[in-house]
Amino acid sequence: MSALIIRGVRPYGEGEPVDLTVHNGVITAIGSTSDTDAEVIDAGGLVALPGFVDLHTHLREPGREDTETIETGSRAAALGGYTAVFAMANTDPVADNAVVVEHVWRRGREVGLVDVHPVGAVTVGLQGERLAELGTMARSAAGVRVFSDDGLCVADPLIMRRALEYTKALDAVIAQHAEEPRLTVGAQAHEGETAARLGLAGWPAVAEESIVARDCLLARHVGARLHVCHVSTAGTADILRWAKARGTRVSAEVTPHHLLLDDERLTGYDPVNKVNPPLRTAADAAALRQALADGTLDCVATDHAPHAAQDKDCEWSAARPGMLGLQTALPIVVATMVEPGLLDWRGVARVMSERPAEIAGLPDQGRPIAVGEPATLTLVDPAGRWTVRGADLASIAVNTPYEGMELPGTVVATLLRGVVTARDGKATA
Ligand code: DOR
Ligand code: ZN
């Protein structure tokens, strides 16, 4: 196979521009090269980062292929700079057995744009009552290492304890959607001034924080690892800080929308802003940005949640929660973290790629940009700006809360083990 040269790129946005030479999917030289046979990507002015890893994606296949498929979701991922995604288990049928997880895994491989790792359900049918066959899913061809009932909380403390014991033995991790269901019956929005003014039933911060505190204590008691999905409150960040300081094996993610948006957006009752956990206050969002900068929050995960028009263009209380996220994640991180000086490009690599790869135990993602390492890379134009149009995104669904917004930071190309999977706005493999 002939070589590929990425010319004039700045790894991590640092130092002088270099040429990256790629052979057979591996970076074989970093420096300047004059190889004339090679295919060349002119990357002058671009920043090279390790390919992004999303621990939290809803791909909707099987069951809701009218809103997203593994193929369209993979395209959105590649265009967003992702090289691996974790497909949540709340499909129809639920991914609570080897047959479903192997289907998702195989389909991901056939499409070939991004490594699709199925997340296995913790409980049968996401019902929260009986543990699913975690071991069978772990030993299946899909090699499941992340388990989650996301969309729903593993609320029963005894089931959660048993799940932590099993995943400890399997060297896997439970990703908890932290929501005490008794405190969120009928909830429609963050419990606070805005919800009171709009007459929407409240989803209190304590419903998240009480589960996170409980699960940190359980994980420490069992000696297991816990991952907290979509942290949304300042109080949860405080609990995580405390738990990490005493050596609890806990990691946590934050979504781009919880970094940028707040519940003031609900004023027009547009269900595009409905999401679970809900948009919180501006003070919460500011605390989450600080917590991501200082490492209390380990990584960014999209919670990419496509929904059909009939499930979004309806009255607030009937609308499903969720927003598209794969193609807008990097720009939102640039706007909320890089531009204000909270993270440099090294930091972006850490929260978008390295930490999520470590949390999920992926050996060949989130790797250093160095000779001998896989050419699994994202090339970003830091000066690029683009205007979001839901209809132009690769997803079937169009429920982006950023419609019409001009965002900074463009993904120019994505490479998965040397194969170009997206370039200049087109998914290519
Ligand atoms: O907003 C959300 N949408 N939160 C979840 O927990 C589930 C997700 C979905 O599946 O649509
Ligand atoms: Zn969730």
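Throughout what follows, the structure given in this document is the object of discussion. Please read all numbers here as calculations on a predicted model, not as lab measurements. (Residues numbered from 1 in each chain as written. Chains lettered and ligands numbered in written order. Predicted model: local features only at pLDDT ≥ 70, side-chain atom pairs only at ≥ 80, totals over all residues. Heavy atoms only, no water.)

### Let's talk about the layout of surface pockets
Here is step 1 of the chain: As a volume, the largest pocket reaches approximately 720 Å³.
Here is step 2 of the chain: Lining the largest pocket we find 33 residues, and of these Arg60, Asn90, Asp150, Gly151 and Leu152 sit closest to its centre.
Here is step 3 of the chain: Here the lining of the largest pocket is composed, by residue class, of twelve nonpolar, 14 polar and seven charged.
Here is step 4 of the chain: There is about 280 Å³ of room inside the second largest pocket.
Here is step 5 of the chain: In terms of lining, the second largest pocket is formed by 16 residues, of which the most central are Leu79, Gln327, Trp386, Leu393 and Gly425.
Here is step 6 of the chain: Every element with two or more residues in the lining of the second largest pocket is listed here: β16 (377-387) and β17 (406-416).
Here is step 7 of the chain: No other element matches the three residues that β17 contributes to the lining of the second largest pocket.
Here is step 8 of the chain: Taken together, the residues of the lining of the second largest pocket sort by class into seven nonpolar, six polar and three charged. (1 Å grid on protein atoms, 1.4 Å probe; cavity = no way out; pocket = protein on both sides within 12 Å on 5 of 7 lines; lining within 4 Å. Points joined across faces, edges and corners; volume = space filled by probe spheres on them. Nonpolar A, V, L, I, M, F, W, Y, C, P; charged D, E, K, R; others polar. Helix = DSSP H or I, 4+ residues; strand = E, 2+ residues; numbered from the N terminus.)

### A few points about the coordination of the zinc ion (ligand 2)
Here is step 1 of the chain: Of the protein atoms, only Asp150 (OD), His177 (ND1) and His230 (NE2) coordinate the zinc ion (ligand 2), at distances of 1.8 to 2.3 Å.
Here is step 2 of the chain: Coordination at the zinc ion (ligand 2) is tetrahedral: its four donor atoms span angles of 85 to 131° at the metal.
Here is step 3 of the chain: Between consecutive donors of the zinc ion (ligand 2), the numbers of intervening residues give the motif D-x26-H-x52-H. Highlighted residues: Asp150 in the loop between β9 (146-147) and α4 (157-170) and His177 in the loop between β10 (173-176) and β11 (189-190), separated in sequence by 27 residues.
Here is step 4 of the chain: Judged by relative accessible area, His177 falls into the buried class, the value being 1%. (Donors = N, O, S within 2.8 Å, 3.2 Å for Na, K, Ca; no water. Tetrahedral: all angles 85-135°; square planar, octahedral: opposite > 155°, others 65-115°. Buried < 20%, exposed > 50% of the residue type's maximum accessible area, 1.4 Å probe, protein only.)

### Brief notes about the sheet that holds strand β7 (residues 82-87)
Here is step 1 of the chain: Here three strands make up an open sheet; going across it, the order is β6-β7-β8 and the pairing parallel. Two strands bound the open sheet, and with one partner strand each, they are β6 (52-57) and β8 (115-118). Across this sheet, the average inter-strand angle for adjacent strands is 20°, counted without regard to direction.
Here is step 2 of the chain: Across four bridges, the pairing between β7 and β8 is parallel. Residue pairing for β8: Val85 is matched across the bridge by Val116.
Here is step 3 of the chain: Packed on one face of the sheet, helix α12 (residues 345-360) meets β6 and β7 and runs near 60° to β6. (Pairing = 2+ DSSP bridges. Axes fitted to C-alpha atoms, helices over the stretch in contact; angles between N-to-C directions. Contact = heavy atoms within 4.5 Å.)

### Structural notes on α4
Here is step 1 of the chain: Relative to the 20 Å expected for 14 residues at 1.5 Å per residue, α4 spans 20 Å between its end C-alpha atoms, a close match to the ideal helical length.
Here is step 2 of the chain: By the burial criterion, the buried members of α4 are Ile159, Met160, Ala163, Leu164 and Thr167. Take α4 and look down its axis: the buried residues cluster within an arc of 135°, on one side only.
Here is step 3 of the chain: Residues of α4 that are buried sit in contact with α3 (134-139), β9, β10, α6 (205-222) and β13 (226-228).
Here is step 4 of the chain: One side-chain oxygen at the N-terminal end of α4 lies 2.8 Å from the backbone nitrogen of Leu158; it belongs to Asp156.
Here is step 5 of the chain: Within two residues after α4, Asp171 carries a phi angle of roughly 55°, on the positive side. (Expected span 1.5 Å × (residues − 1). Arc of directions from axis to C-beta. Polar contact = N/O pair within 3.5 Å; in protein donor to acceptor, adjacent residues only side chain to side chain.)

### Some points on the pattern of salt bridges
Here is step 1 of the chain: Enumeration over the complete set of coordinates arrives at 24 salt bridges.
Here is step 2 of the chain: With a closest N to O distance of 2.9 Å, Asp66 and Arg64 form a salt bridge.
Here is step 3 of the chain: Using a relative accessible area of 41% as the deciding quantity, one classes Asp66 as partly exposed.
Here is step 4 of the chain: In this structure, Glu165 engages Arg161 in a salt bridge whose closest nitrogen and oxygen atoms are separated by 2.9 Å. On the criterion of helical spacing, the pair formed by Glu165 and Arg161 is a turn pair, its members being four residues apart in helix α4.
Here is step 5 of the chain: What makes Glu165 partly exposed here is its relative accessible area of 28%.
Here is step 6 of the chain: Overall, the relative accessible area of 30% leaves Arg161 in the partly exposed class.
Here is step 7 of the chain: In this structure, a network of salt bridges that share partners links the residues Arg64, Asp66, Asp311 and Arg320. (Salt bridge = Lys/Arg side-chain N within 4 Å of Asp/Glu carboxyl O.)

### Describing the pairing of strand β1 (residues 4-11)
The side chains of a regular strand alternate, residue by residue, between the two faces of the sheet.
Here is step 1 of the chain: Most of β1 sits inside the fold, with six of its eight residues counted as buried.
Here is step 2 of the chain: Pairing between β1 and strand β4 (residues 39-42): four bridges, direction parallel. Following the sheet pairing, Arg7 is matched in β4 by Asp42.
Here is step 3 of the chain: Relative to strand β2 (residues 18-23), β1 is paired through four bridges, and the arrangement is antiparallel. Within the sheet, the bridge partner assigned to Val9 lies in β2 and is Val18.
Here is step 4 of the chain: Hairpin remark: β1 followed by β2, antiparallel, with six residues in the connecting loop; positive phi at Tyr12, about 55°.
Here is step 5 of the chain: Two strands pair when backbone bridges link them, and β1 and strand β5 (residues 47-50) are joined in this way by two bridges, in the parallel orientation. Within β5, the residue paired with Pro11 across the bridge is Ala48.

### Structural notes on the packing of helix α1 (residues 70-79) against helix α2 (residues 98-111)
Here is step 1 of the chain: Contact pair α1 / α2: the axes reach a minimum separation of 10 Å and the direction vectors enclose 60°. Between α1 and α2, the crossing angle belongs to the class labelled oblique. The two elements α1 and α2 cross, and the hand of that crossing is right-handed. Residues Ile70, Glu71 and Ser74 of α1 pack against Val104, Arg107, Gly108 and Val111 of α2.
Here is step 2 of the chain: Across the contact of α1 with α2, the residue classes break down as three nonpolar, two polar and two charged. (Parallel < 35°, antiparallel > 145°, perpendicular 65-115°, else oblique. Left-handed = near helix turned anticlockwise from the far one by under 90°.)

### So, the site of ligand 1
Here is step 1 of the chain: Within the structure, ligand 1 sits among 14 residues, and Arg60, Asn90, Asn276, His307 and Pro321 are positioned closest to it.
Here is step 2 of the chain: Interatomic distance of 3.5 Å between a side-chain N/O atom of His58 and an oxygen atom of ligand 1.
Here is step 3 of the chain: In this structure, His177 approaches ligand 1 through a side-chain N or O atom, which is 3.1 Å from an oxygen atom.
Here is step 4 of the chain: Burial of ligand 1 by the protein chains amounts to 94% of its free accessible area of 290 Å². (Near = heavy atom within 4 Å. Areas by Shrake-Rupley, 256 points an atom, 1.4 Å probe, with all protein chains shown as cover.)

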